[in-house]
Amino acid sequence: MTAQQTLQNKNIVLGITGGIAAYKSPEIVRRLKDQGADVRVVMTAGAKEFITPLTLQAVSGNPVADSLLDPAAEAAMGHIELAKWADLVIIAPASSNTIAAIAAGLAGDLLTTLCIATAAPIAIAPAMNQQMYAAAVTQENIARLTNRGVHIWGPASGEQACGDVGQGRMIEALEVVEQTLNFFTPKPPAFKLLITAGPTREAIDPVRYISNHSSGKMGFAIAKAAQALGGEVTLVSGPVALTTPHSVNRIDVVSAEQMHQQTLVNAPQHDIFIACAAVADYRPALVCEQKIKKNDDDMVVSMVKNPDILADVAALTEQRPFCVGFAAETQDVETYARGKLQRKKLDLIAANNVSVTGQGFNSDDNALTLYWPNGQLDLPLTSKDMLAKQLVLEILKHYNTQH
Ligand code: PMT
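Residues numbered from 1 in each chain as written. Predicted model: local features only at pLDDT ≥ 70, side-chain atom pairs only at ≥ 80, totals over all residues. Heavy atoms only, no water.

A. Layout of the pattern of salt bridges. The final tally for this structure, using the stated rule, is 17 salt bridges. Of the charged contacts in the structure, one is a salt bridge between R283 and E257, with a shortest N-O distance of 3.3 Å. Within this pair, whereas R283 is found in strand 14 (residues 282-284), its partner E257 is found in helix 11 (residues 256-266), the two being separated by 26 residues in sequence. Owing to a relative accessible area of 41%, E257 belongs among the partly exposed residues under this scheme. It is possible to trace a salt-bridge network through shared partners that takes in E27, R30, R31 and D34. (Salt bridge = Lys/Arg side-chain N within 4 Å of Asp/Glu carboxyl O. Helix = DSSP H or I, 4+ residues; strand = E, 2+ residues; numbered from the N terminus. Buried < 20%, exposed > 50% of the residue type's maximum accessible area, 1.4 Å probe, protein only.)

Quick look at the structure:
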């Protein structure tokens, strides 16, 4: 990599909305490409009133996407593919209309749909009249986006196209590029997170074990989201068929006792601990050295209790991390979850109803209800990736109020 290419291998979606500042967009694309980024442009209908897709296509070297309902564009790179492709979504200029739509979760065009469909971080560079920017509703919308982890770049102050003077001008193209470089520059971790994920396997003999249906997807999604939100992440994983999320430190274990040992050694060096693993509560009292033969009509396996990893971390008296448990329930979710919150002395618990088809164990989606001593919050059904991001942001809010 040369000094000119600090954004090499970075995929950036540049969303352009309707506003006079759209004239700055080709310069943003060129400068991002100078740094090695691959840039794909998404335009709203309003943006095309100010600048042509052809200009953006020429500078980006990629087709410009501007419609959710264009079969040809969807066949080339559909909106979900584009949402997954992005490492960062920048909206510059971001009109008050688009800011309001994203804050409200509307999906009326390609750009706003993409903002809901992507797990990538989003940055917006507001551009509007100073009075519109100062309006209470705009400020509320921006505050909502900030709370959701959206980065707000600018706006700048000065003379506006309409003749007004004040805050609302879009920051310059080079400042957008500077913010992008800054965004991708490794920084000291904002927090250190330890998480367990996946099932454990409890051996009966050399070829048999007791386990459960956990795929590890929920825990791995949380590890990925926490890393993307600036965390240094250690993932203690049971046996799963998943690739390690980018820049996450993974420790593989098999049994509950191994998971317990690795977690307890690492916990004091972390700010937050999330127990997402489906740990076997019991293990066979004896592991036969040789394969058990099929001699008798029935077979009894005597079991002993495994250590409770989460309760042991929460009981640490020194360097105790903020402790978040999971509760996998099939009935009376709140009662059982609150029981675990209290009994294991947790700061927060994320409960899922694993009896509902299409969520919980081994599915791509999930829904959670978070409980803490004097409150609760529903995170409705969505992909585990999106849910993980919402969960980590919520945990960080609680963690930050304690520290
Ligand atoms: O892996 P996936 O297929 O994506 O599925 C995700 C999931 C359903 C496994 C996940 O969302 C989930 O609910 N994980 C917790 C499963 C569980 O074991 O829940 P529990 O209610 O039995 O345990 C309560 C808490 O204590 C959990 O945080 C668990 O990690 C922890 N525990 C339990 C037993 C034990 N010996 N040690 C523990 O740390």
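B. Geometry of the packing of helix 1 (residues 25-34) against helix 9 (residues 173-184). In contact at an axis separation of 8 Å, helix 1 and helix 9 are set at 40° when each is read in the N-to-C sense. With respect to helix 9, the element helix 1 is oriented oblique. As helix 1 runs across helix 9, the sense of the crossing is right-handed. Between helix 1, through E27, I28, R31 and L32, and helix 9, the contact on the second element is made entirely by A173, L174, V176, V177 and T180. (Axes fitted to C-alpha atoms, helices over the stretch in contact; angles between N-to-C directions. Parallel < 35°, antiparallel > 145°, perpendicular 65-115°, else oblique. Left-handed = near helix turned anticlockwise from the far one by under 90°. Contact = heavy atoms within 4.5 Å.)

C. Molecular detail of the pairing of strand 19 (residues 375-383). Across seven bridges, strand 18 (residues 365-372) lies against strand 19 in antiparallel orientation. The partner of T369 across the bridge, within strand 19, is D378. (Pairing = 2+ DSSP bridges.)

D. Spatial organisation of helix 8 (residues 136-147). Over its twelve residues, helix 8 runs 16 Å from end to end, which matches the ideal 16 Å to within 8%, given 1.5 Å per residue. Listed as buried for helix 8 are T138, N141, I142 and L145. The arc that holds every buried residue of helix 8, seen down its axis, measures 95°, which confines them to one face. Those residues of helix 8 that are exposed and angled more than 90 degrees off the buried face are A136, E140 and N147. The elements touched by buried residues of helix 8 are helix 5 (96-104), strand 4 (122-126), helix 7 (130-134) and strand 5 (151-152). (Expected span 1.5 Å × (residues − 1). Arc of directions from axis to C-beta.)

E. View of the site of the ligand. Around the ligand sit 28 residues in total, of which S215, A277, K340, N352 and N362 are the nearest. Within the contact set of the ligand, a nitrogen atom lies 3.0 Å away from a backbone nitrogen or oxygen of P307. Taking K384, its side chain carries an N or O atom lying 2.7 Å from an oxygen atom of the ligand. Notes on the ligand: free accessible area 780 Å², of which the protein chains cover 95%. Judged by its atoms lying within 2 Å of the grid points, the ligand is housed in the second largest pocket. (Near = heavy atom within 4 Å. Polar contact = N/O pair within 3.5 Å; in protein donor to acceptor, adjacent residues only side chain to side chain. Areas by Shrake-Rupley, 256 points an atom, 1.4 Å probe, with all protein chains shown as cover. 1 Å grid on protein atoms, 1.4 Å probe; cavity = no way out; pocket = protein on both sides within 12 Å on 5 of 7 lines; lining within 4 Å. Sits in = over half its atoms within 2 Å of the grid points.)

F. Region of interest: the sheet that holds strand 13 (residues 272-275). Read from one edge of the open sheet, eight strands run 12-11-8-13-16-17-18-19, paired in mixed fashion. Because the sheet does not close on itself, it has two edges, and the strands there are strand 12 (249-252) and strand 19. Sheet twist, expressed as the average angle between the axes of neighbouring strands with direction ignored, equals 15°. Of the strand pairs in this sheet, strand 16 (residues 322-329) and strand 17 (residues 348-353) are connected by six bridges, and their pairing is parallel. Considered in strand 17, the bridge of V324 is made with L348. Packing against the sheet, helix 10 (residues 217-228) makes contact with strand 8 (191-197), strand 11 (231-237), strand 12, strand 13, strand 16 and strand 18, and its axis sits at approximately 165° to strand 11.

G. Up close: the packing of aromatic side chains. Summed over all chains, the structure comprises two aromatic pairs. A ring pair is formed by F183 and F184, whose centres lie 4.9 Å apart and whose planes are at 85°; its orientation type is edge-to-face. On the numbers, 6.1 Å between centres and 85° between planes, the contact of F322 with Y399 is edge-to-face. In this pair, F322 is assigned in strand 16 and Y399 in helix 14 (residues 384-402), connecting sequence segments 77 residues apart. Here F322 and Y399 have matching classes, each one buried. (Phe/Tyr/Trp six-rings, centres within 6.5 Å; stacked < 30°, edge-to-face > 60°.)

H. Representation of the sheet that holds strand 4 within the structure. The strand order across the open sheet formed by five strands is 2-1-3-4-5, and the pairing between neighbours is parallel. If you trace the sheet from one side to the other, it starts and ends with strand 2 (38-43) and strand 5, each paired once. Of the strand pairs in this sheet, strand 1 (residues 11-16) and strand 2 are connected by six bridges, and their pairing is parallel. Along strand 2, the bridge assignment pairs N11 with D38. Each of strand 1, strand 2 and strand 3 (88-94) touches helix 1; the most contacted strand, strand 1, lies at about 175° to it.

I. How the structure looks around a nonpolar patch on the surface. A grouping of I20, Y23 and F50 is seen on the molecular surface, where their side chains present a nonpolar patch of about 350 Å² in accessible area. Tracing the backbone shows F50 in the loop between strand 2 and helix 2 (53-60). Residue F50 is classed as partly exposed on the basis of its relative accessible area of 45%. (Patch = residues over 30% accessible without salt bridge, like charges linked within 9 Å, V, L, I, M, F, W, Y side chains within 5 Å.)

J. Main features of the domain arrangement of the protein. Partitioning the protein into structural domains gives domain 1 (11-184) and domain 2 (192-402). Spacing between the C-alpha centres of domain 1 and domain 2 amounts to 38 Å. Tallying the contact residues gives eight residues for domain 1 and four residues for domain 2. For the domain 1 and domain 2 pair, buried surface summed over both sides reaches about 490 Å², with 61% attributable to carbon and sulfur atoms. (Domains from an automatic or database assignment. Buried area = accessible area lost by both parts, 1.4 Å probe.)

K. Just the layout of surface pockets, in detail. Taken as a whole, the second largest pocket spans an internal volume of roughly 930 Å³. Lining the second largest pocket are 42 residues; nearest its centre among them are A277, A278, V279, D281 and F326. The set of elements that each furnish at least two residues to the lining of the second largest pocket consists of strand 8, helix 10, strand 13, strand 15 (303-305), helix 12 (309-314), strand 16 and helix 13 (333-343). Considering only residue class, the lining of the second largest pocket consists of 20 nonpolar, 14 polar and eight charged. (Points joined across faces, edges and corners; volume = space filled by probe spheres on them. Nonpolar A, V, L, I, M, F, W, Y, C, P; charged D, E, K, R; others polar.)

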